[in-house]
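# Remarks on the overall topology
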Amino acid sequence: MLGNAVYKLPNIWGINDGLEPRQGLLALVGGRFDEAVGLLSRSLDIQVMPETYLALGMACERQGDRGRALQVYEALVQITPDSSYRRTATDRINSLRLP
């Protein structure tokens, strides 16, 4: 049921029918964080999209890789100077830097 809901999301990525990002999001929601990181990373190799960076950062966090999550969120801040993605990434960075 959840898989169908995620698959029917609009194709905001606009590449390869959005399958890798969608599959990465599905893996993230399903708790398969290693798989999500791999799929989302491959997607970013094809096309840089803020949505994919945000999902990758969340997957890295849930995987327990705070260092990589910080790197991903910092990259997102660099590519989105004026957007809600930048604000979200900045919030996540600040949260991850707390002791």
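Description of the structure in this document. None of these values were measured; they are calculated from a predicted model. (Residues numbered from 1 in each chain as written. Predicted model: local features only at pLDDT ≥ 70, side-chain atom pairs only at ≥ 80, totals over all residues. Heavy atoms only, no water.)

By the secondary structure assignment, Val77 is in helix H5 (residues 66–79). For the pair Val77 and Thr88, spaced 11 residues apart in the sequence, the C-alpha separation amounts to 9.0 Å. Excluding residues that lie within four positions of it along the chain, Val77 makes contacts with Arg86, Ala89, Thr90 and Ile93. (Helix = DSSP H or I, 4+ residues; strand = E, 2+ residues; numbered from the N terminus. Contact = heavy atoms within 4.5 Å.)

Now for helix H6 (residues 84–96). With 13 residues, H6 extends 18 Å from end C-alpha to end C-alpha; this agrees with the ideal 18 Å at 1.5 Å per step. Among the residues of H6, those classed as buried are Ala89, Ile93 and Leu96. Projected onto a plane normal to the axis of H6, the buried residues spread over an arc of 70° and lie on a single side. Looking at H6, the residues exposed on the side facing more than 90 degrees away from the buried face are Arg87 and Asp91. The elements touched by buried residues of H6 are helix H4 (50–63) and H5. Between a side-chain oxygen at the N-terminus of H6 and the backbone nitrogen of Tyr85 the separation is 3.1 Å; the capping residue is Ser83. (Expected span 1.5 Å × (residues − 1). Buried < 20%, exposed > 50% of the residue type's maximum accessible area, 1.4 Å probe, protein only. Arc of directions from axis to C-beta. Polar contact = N/O pair within 3.5 Å; in protein donor to acceptor, adjacent residues only side chain to side chain.)

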